[in-house]
Amino acid sequence: MMRQHTRLIGWVAAVLVILAFCQLGLWQLQRMHEKQALLDQQLPARAQTLSLARAQAAPPQLRWVEDHGRFLPGTLLLDNQTRQGRAGIKVYQPFRSDGGAVVLVDLGWLPMPGDRTLPGIVPRDGDAHVAGLLAPPPASGLVLGPAFTATPQPGVWLANRMPPDEAAITLALPAGSLHGPVLRLDPALPGGYARDLELLPNTLPPSRHLGYAVQWFGLALTVLIVALVLEWRRRRPARPLLP
């Protein structure tokens, strides 16, 4: 009776582990499809140019935007952003089009020195023509500590994540004005810092998610095989003792 009870517990544990590994594999596949779908939108997005207001009102997907307006006061420096293997920050500044639409503009990347002394920032000011890719905002990452910290430079905040409502409050903008995508500024335009239109910076490409999914499903299969082998050994009749 005790042996049957132990076998039941072993099978329950094995099934739970298998289900957990399969769930992790399915999640990795979901992330792979989401990221691949985003990459597949990049070329079609360049086929049509929209104003900022029209792009924000359209169904959520990548849009190529060209518009005129003004950069607004306030700068956010998103920490822990890598470029070509180097650690640094990304510079964001709000922009309001002549039509009244507001968006955070990704002005590019700057290196962060080892002593973590923030580089000097020269905010954009006045009228400007912008063009670029309206794309999803940077991922939030782990929620640790305050989202924004004031820096010695007035009007500049260091961010470890950029929740839209908190970003709007920090930049003295109306609530809800920064929900939605950010504008990845065209690298061909003058001004700003080192930048590109890479859609998956600081994150895994679809192929890596597929590789991790295969690993999780492989672990689930391994647990199943081990459980079956152990069960087969338990059920195998004992050999008679030799005289």
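Residues numbered from 1 in each chain as written. Predicted model: local features only at pLDDT ≥ 70, side-chain atom pairs only at ≥ 80, totals over all residues. Heavy atoms only, no water.

**Q** Can you walk me through the overall build of the protein chain in this structure?
**A** The secondary structure content of the protein chain amounts to five helices and nine strands. Across the 243 residues of the protein chain, 36% fall into the buried class. In the protein chain, 64% of the contacts between residues at least 6 apart in sequence involve partners at least 24 apart. Of the roughly 14500 Å² of accessible surface on the protein chain, 63% is carried by carbon and sulfur atoms. (Helix = DSSP H or I, 4+ residues; strand = E, 2+ residues; numbered from the N terminus. Buried < 20%, exposed > 50% of the residue type's maximum accessible area, 1.4 Å probe, protein only. Contact = heavy atoms within 4.5 Å. Areas by Shrake-Rupley, 256 points an atom, 1.4 Å probe, with all protein chains shown as cover.)

**Q** Explanation requested: the environment of Pro-73 in the structure shown.
**A** Inspection of the secondary structure puts Pro-73 in the loop between strand S2 (63-71) and strand S3 (75-83). On a C-alpha basis, the gap between Pro-73 and Leu-173 in space is 9.9 Å, while along the polypeptide they are 100 residues apart.

**Q** Mind showing me how you'd approach the side chain of His-209 here?
**A** Its location among the elements puts His-209 in helix H5 (residues 206-235). A distance of 2.7 Å separates a polar atom in the side chain of His-209 from a polar atom in the side chain of Gln-28. Other than its neighbours up to four places away in sequence, His-209 contacts Gln-28, Arg-31, Met-32, Lys-35 and Leu-204. (Polar contact = N/O pair within 3.5 Å; in protein donor to acceptor, adjacent residues only side chain to side chain.)

**Q** When you look at the nonpolar core in this model, what are you seeing that I'm missing?
**A** Inside soluble globular proteins, nonpolar side chains tend to come together where they are buried. Core analysis: the largest hydrophobic core is formed by 23 residues, its most contacted members being Phe-95 and Val-105. Looking at this core, the elements that each hand over two or more residues are helix H3 (52-57), S2, strand S4 (86-97), strand S5 (102-111), strand S6 (126-135), strand S8 (156-159) and strand S9 (182-185). The greatest single-element share of this core, amounting to four residues, is contributed by S5. Not counting residues within four places of it along the chain, the set of residues in contact with Phe-95 comprises Leu-52, His-68, Gly-69, Arg-70, Phe-71, Leu-72, Ala-101, Val-102, Val-103, Val-105, Ala-128 and Val-130. Judged by nonpolar contacts, the second largest core, of 16 residues, contains Leu-104, Ala-147, Phe-148 and Val-182. (Core = buried A, V, L, I, M, F, W, Y, C linked by side-chain atoms within 4.5 Å.)

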